[in-house]
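Examination of the molecular architecture
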Amino acid sequence: MDWDKLQYFLTVARQGTLARAGQALHVDATTVSRRVSALEAALGQTLFERAPSGFVLTAAGRALVPHAEAMAAAAARIHMAPAGGSALSGQLRVSVSEGFGNSFIAPRLARFTDAHPELEIDLVASSGFLNPSRREADMAVLLARPRKGPLITRKLSDYSLGLYAPADRPAWHAAIEATPLSRAGIPVIGYMPDILYAPELDYLGEIEPGLRAGVRSSSILAQRQMIAGGAGVGVLPCFLAAGDPGLVRVRPEQTVARAFWLALHRDVAPQPRIRAFIDWLDAEVRESRGLLVPA
């Protein structure tokens, strides 16, 4: 199987349109269309339905995606291994949300730093983002797709959030299942609405209309600690809460869906250190899909 054609197929599957796929691959849309058509001809199958909104995977296309992703992961591992005398160097600054940076990227970063020991890595994991358009960071993992600026953007991954309660408050668990939170007499933990740094974090209303937090923090890590410590219940990313013995997910049928978006300035996109980090992050996200979006 020709990895070059599969790479174009996988990028269209992720981006949804030829134009966005071309941006991600640094080629024009015509080249993307030609490569995808060549793959379809070689396989004798239609992989996409051409819809007004973009390219939609057919059943054959959906079946091909995991195989293409496996090859992409293998290619990323090869790309990460530096050849003699060609080790990557310089500084790489990445801006990410506090929760994703601390709980997902940081514990896994050794795999990347071990492969590229001469790179200087700045992981800016905070409540708020640096702006790649103004060169404050080489790239950013954002909660929404930027709509302006000289940026290349694409979805990195979907992720899920759920309602969590302290593990040592079983009476709360039963009350939450039987009673609306607004009448259960249980404190609700969340963000401070007047300093909410992204509208995507205003999700309490998706649990119950009109639900408000009475115990608040600008830090999602502080919110996790407050919930585990018994100060109340609140919404957390599932990847952040996973494995914490102090937390129990309640109302598991209620899921808040969000996405992470990757953004980088067009001028830095071709740099090898940038491509290497993106390939590594893509591979980590693929391997951890069940953690980011639990079944």
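What comes next is a walk through the structure. (Residues numbered from 1 in each chain as written. Predicted model: local features only at pLDDT ≥ 70, side-chain atom pairs only at ≥ 80, totals over all residues. Heavy atoms only, no water.)

Concerning helix α3 (residues 29–43)
The terminal C-alpha atoms of α3 lie 21 Å apart, and with 15 residues this matches the ideal 21 Å at 1.5 Å per residue to within 8%. Among the residues making up α3, those that are buried are Thr31, Val32, Val36, Leu39 and Glu40. Between the side-chain oxygen of the N-cap and the backbone nitrogen of Thr30 there are 3.1 Å, and the N-cap of α3 in question is Asp28. Gly44 occupies a position one or two residues after α3 and carries a positive phi of about 70 degrees. (Helix = DSSP H or I, 4+ residues; strand = E, 2+ residues; numbered from the N terminus. Expected span 1.5 Å × (residues − 1). Buried < 20%, exposed > 50% of the residue type's maximum accessible area, 1.4 Å probe, protein only. Polar contact = N/O pair within 3.5 Å; in protein donor to acceptor, adjacent residues only side chain to side chain.)

Concerning the nonpolar core
Counting 60 residues, the largest nonpolar core has Phe100, Met139, Ile176, Val233, Leu264 and Phe277 as its most contacted members. Among the nonpolar cores identified, the runner-up in size contains 18 residues, and Phe9, Val12, Leu47 and Ala68 belong to it. (Core = buried A, V, L, I, M, F, W, Y, C linked by side-chain atoms within 4.5 Å.)

Describing the packing of helix α2 (residues 18–25) against α3
Between α2 and α3, the shortest axis-to-axis distance is 8 Å and the interhelical angle comes to 100 degrees. Of the possible angle classes, the one that applies to α2 and α3 is roughly perpendicular. Residues Leu18, Ala19, Ala21, Gly22 and Leu25 of α2 form the contact with α3, whose own contacting residues are Ala29, Val32 and Ser33. Among the residues forming the contact of α2 with α3, the class breakdown is six nonpolar, two polar and no charged. (Axes fitted to C-alpha atoms, helices over the stretch in contact; angles between N-to-C directions. Parallel < 35°, antiparallel > 145°, perpendicular 65-115°, else oblique. Contact = heavy atoms within 4.5 Å. Nonpolar A, V, L, I, M, F, W, Y, C, P; charged D, E, K, R; others polar.)

Side note on helix α7 (residues 170–178)
Listing the buried residues of α7 in full gives Trp172, His173 and Ile176. On an axial view of α7, the arc spanned by its buried residues comes to 105 degrees, and they lie on one face. Along α7, the residues that are exposed and aim more than 90 degrees away from the buried face are Pro170, Ala171, Ala174 and Ala178. Residues of α7 that are buried make contact with β6 (151–166), α8 (181–184), β9 (233–237) and β10 (247–250). (Arc of directions from axis to C-beta.)

Digging into the packing of aromatic side chains
Both the distance between ring centres and the angle between the ring planes are used here to describe each pair of aromatic rings. For the structure shown, the criterion picks out 12 aromatic pairs. When the ring of Phe112 is compared with that of Phe277, the centres are 5.2 Å apart and the planes differ by 85 degrees; the resulting orientation is edge-to-face. One end of the pair, Phe112, is in helix α6 (residues 110–115); the other, Phe277, is in helix α12 (residues 272–287), and 165 residues separate them in sequence. Under the relative-accessibility criterion, Phe277 is labelled buried at 1%. Ring plane angle 10 degrees and centroid distance 4.1 Å describe the contact between Tyr159 and Phe260, whose orientation is recorded as stacked. Taken as a pair, Tyr159 in strand β6 and Phe260 in strand β11 (residues 256–265) lie far apart in primary sequence, 101 residues in all. Exposure class is identical for Tyr159 and Phe260. Each is buried. Members of the aromatic cluster, connected to one another through ring pairs, are Phe100, Phe104, Tyr159, Phe239 and Phe260. A cation sits over an aromatic face here: Arg108 above Phe104, 4.0 Å from the ring centre. (Phe/Tyr/Trp six-rings, centres within 6.5 Å; stacked < 30°, edge-to-face > 60°. Lys NZ or Arg CZ within 6 Å of the ring centre and 35° of its normal.)

Here's the deal with the pattern of salt bridges
Note on pairing: side chains with opposite charge can pair once their charged atoms come close. All chains considered together, the criterion is met by nine salt bridges. For Glu284, the salt bridge is made with Arg108, and the minimal N-O distance between the two is 3.9 Å. Linking Glu284 in helix α12 with Arg108 in helix α5 (residues 98–108), this pair joins segments that are 176 residues apart in sequence. In this pair, the class of Glu284 matches that of Arg108, namely buried. For Arg111, the salt bridge goes to Glu287, with nearest N and O atoms at 3.4 Å. (Salt bridge = Lys/Arg side-chain N within 4 Å of Asp/Glu carboxyl O.)

Observations regarding the packing of α5 against α12
Direction vectors running N to C along α5 and α12 enclose 110 degrees, while the axes themselves pass 11 Å from each other. By the criterion of interaxial angle, the relationship of α5 to α12 is roughly perpendicular. In this structure, α5 crosses over α12, and the sense of that crossing is right-handed. Listed contacts from α12 to Phe104, Ile105 and Arg108 of α5 are Trp280, Leu281, Glu284 and Val285. Across the contact of α5 with α12, the residue classes tally to five nonpolar, no polar and two charged. (Left-handed = near helix turned anticlockwise from the far one by under 90°.)

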